[in-house]
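Residues per chain, in single letters:
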Amino acid sequence: MVCPICGKEMTKGGIILSGKRISGEFKWYPQNEFDKKGLKAWDRSDGKDINAMDISLMGVEKFKDTYFCDTCNKIIGIFTINE
Ligand SMILES: [Zn+2]
C-alpha cells in the first residue's frame, strides 16, 4: 500500500481493540453525519458497522489490513463493514 498523502510505501499491520465493548458500537459515518453535534448527534444515520476480524472471549477485536506511514505518522485502514 502506498501512502495517499506522501506516496511512500507503508508498513502493513493490524489494529487490536482491547477491553470490553459489550454494547458499544464501532461505526463509520459520512462527514455530514459525523459532524452533527448536540441533540442532532442522536439521530445520526447512514452509519456503517465495522466488522471485526476476530472477537475473542477476552474482549479483544482485531482489524486487519491497516497501514502505517512512517513519514506522515498516519494509520490508514481498509475496513470491511457488516452488510
Ligand atoms: Zn505518508
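Because the structure is predicted, anything quoted here is derived from the model rather than measured. Starting from 1, residues in each chain are numbered consecutively following that chain's sequence as written. Local features are withheld for residues below a pLDDT of 70 in this predicted model, meaning they are given only at 70 or higher, and side-chain atom pairs are given and counted only at 80 or more; totals for whole chains, interfaces and linings count all residues. By convention in this description, side-chain values take in all heavy atoms of the structure and omit both hydrogens and water.

Visitor: Which residues make up the overall build of the protein, and what values do they have?
Guide: Numbered from the N terminus, helices here are DSSP runs of H or I no shorter than four residues, and strands are runs of E no shorter than two. Per the secondary structure count, the protein includes one helix and six strands. Residue contacts are defined here by distance: any two heavy atoms, one from each residue, within 4.5 Å place the two residues in contact. Sequence-distant contacts, at least 24 apart, represent 52% of the contacts inside the protein between residues at least 6 apart. The method behind every accessible area is Shrake-Rupley, applied with a 1.4 Å probe, and residues are considered shielded solely by the protein chains displayed. Carbon and sulfur atoms make up 55% of the accessible area of the protein, which amounts to about 6600 Å² in all.

Visitor: Go over the coordination of the zinc ion, please, and point to the residues and values.
Guide: Sites may look incomplete because water is not among the atoms; the donors themselves are N, O and S atoms within 2.8 Å of the metal, or within 3.2 Å for Na, K and Ca. Those protein atoms acting as donors to the zinc ion are C3 (SG), C6 (SG), C69 (SG) and C72 (SG), and they sit at 2.3 Å. Here the zinc ion is ringed by four donor atoms whose angles at the metal span 104 to 116°, and the overall shape comes out tetrahedral. For the zinc ion, all donor residues lie on one chain, and their spacing in sequence is C-x2-C-x62-C-x2-C. In this structure C3 comes out as buried when scored by relative accessible area, which is 4%. Site shape is set this way: if four donors have all angles between 85 and 135 degrees, tetrahedral; if opposite donors are over 155 degrees apart and all others between 65 and 115, square planar for four donors and octahedral for six; otherwise irregular. A simple rule labels every residue: compare its accessible area, found with a 1.4 Å probe on the protein chains alone, to the largest value its type can have, and call it buried under 20%, exposed over 50%, or partly exposed in between.

Visitor: A description of the side chain of T66 should follow, citing residues and the corresponding values.
Guide: Looking at the secondary structure, you find T66 in strand β5 (residues 61–69). Of the residues examined, T66 reaches a relative accessible area of 4% and is grouped as buried. In the analysis that follows, any N or O atom pair within 3.5 Å is treated as a polar contact, provided that within protein one partner can donate a hydrogen and the other can accept it, and provided that, for residues neighboring in sequence, both atoms belong to side chains. Within the structure, T66 has its side chain in polar contact with the backbone nitrogen of G14 (distance 3.4 Å).

Visitor: Account for the environment of G19, with residues named and values stated.
Guide: Position of G19 among the secondary structure elements: in the loop between β1 (11–17) and β2 (27–28). Look at G19 and you get partly exposed, because its relative accessible area is 40%. Residues G19 and V60, spaced 41 residues apart in sequence, show a C-alpha to C-alpha distance of 6.3 Å.

Visitor: Can you tell me about the packing of aromatic side chains, naming the residues and giving the values?
Guide: Centres within 6.5 Å make a pair out of two Phe, Tyr or Trp rings, where for Trp the six-membered ring is used; the pair is then stacked when the planes are under 30 degrees apart, edge-to-face when over 60, and tilted otherwise. As enumerated under the stated definition, the model contains three aromatic pairs in all. Look at F26 and F63: their rings are 5.1 Å apart centre to centre, the planes differ by 70°, and that puts the pair in the edge-to-face class. In this pair, F26 is assigned in the loop between β1 and β2 and F63 in strand β5, connecting sequence segments 37 residues apart. Relative accessible area serves as the criterion here: at 29%, F26 is assigned to the partly exposed category. On the basis of relative accessibility, which here comes to 3%, the residue F63 falls in the buried class. Centroid distance F63 to F79: 6.0 Å. Interplanar angle 80°. Geometry classified as edge-to-face. Here F63, found in strand β5, pairs with F79, found in the segment after β6 (74–77); they are 16 residues apart in sequence, far enough to count as distant. A relative accessible area of 34% means that F79 is categorised as partly exposed. The rings of F26, F63 and F79 are connected pair by pair, giving a single aromatic cluster. Whether a charge lies above a ring is judged from NZ of Lys or CZ of Arg, which has to be within 6 Å of the ring centre and within 35 degrees of the ring normal. For R44, the ring lying beneath its charged end belongs to Y29, and the centroid distance is 5.8 Å.

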